[in-house]
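# Coordinate inspection notes
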Amino acid sequence: MSNLIGRRLGPYNIVGMLGKGSMATVYRAHHATTTLEAVLKVLAVNSGGYSELVKRFERVNFGR
């Protein structure tokens, strides 16, 4: 996905980018109907090998 700042992803309004790496971009977001802030990590699906990317993401972020 390209830059999502100013867009909505599910119930979240993307307000800023916190960081970007080879496998994902991390955004700061606000929930649209509550006062909650969130951090969203969006995988870079154009990096090839989607299933391998998902496995790596799970390993890095969830210890699987």
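Placed above this text is the structure.
For clarity, every value in this text was computed on a predicted model and none was experimentally measured.

Criteria and thresholds
- Residues numbered from 1 in each chain as written.
- Predicted model: local features only at pLDDT ≥ 70, side-chain atom pairs only at ≥ 80, totals over all residues.
- Heavy atoms only, no water.
- Helix = DSSP H or I, 4+ residues; strand = E, 2+ residues; numbered from the N terminus.
- Buried < 20%, exposed > 50% of the residue type's maximum accessible area, 1.4 Å probe, protein only.
- Contact = heavy atoms within 4.5 Å.
- Areas by Shrake-Rupley, 256 points an atom, 1.4 Å probe, with all protein chains shown as cover.
- Salt bridge = Lys/Arg side-chain N within 4 Å of Asp/Glu carboxyl O.
- Pairing = 2+ DSSP bridges.

### A few points about the overall build of the protein chain
The number of helices and strands found in the protein chain is 1 helix and 4 strands. When its helices and strands are written in sequence order, the protein chain yields β-β-β-β-α. In the protein chain, which comprises 64 residues, the proportion classed as buried is 25%. Contacts in the protein chain between residues far apart in sequence, at least 24 positions, make up 17% of those at least 6 positions apart. Taken as a whole, the protein chain presents about 4,500 Å² of accessible surface, with 53% of it coming from carbon and sulfur.

### Considerations on the pattern of salt bridges
On inspection of all chains with the given rule, the structure shows 1 salt bridge. Among the ionic pairs, R28 bridges to E37, the shortest N-O distance being 3.1 Å.

### Quick notes on the environment of V15
As for its placement among the helices and strands, V15 is situated in strand β2 (residues 12–20). Taking the C-alpha atoms as reference points, V15 and Y27, separated by 12 residues in sequence, lie 7.4 Å from one another. Filtering out sequence-adjacent residues up to four positions away, V15 remains in contact with I5, R28, A29 and H30.

### Remarks on the pairing of strand β4 (residues 37–43)
Examined bridge by bridge, strand β3 (residues 24–31) and β4 share 7 bridges and lie antiparallel to one another. Counted as the bridge partner of A29 is A38 from β4.

### Examining the sheet that holds β3
One open sheet holds the 4 strands; their spatial order is β1-β2-β3-β4, and the pairing between them is antiparallel. Taken across any chain shown, the strands that pair with only one partner, and hence form the sheet edges, are β1 (8–9) and β4. The pairing of β2 with β3 spans 7 bridges and is antiparallel. Each residue of the ladder has a partner; that of M17, found in β3, is Y27.

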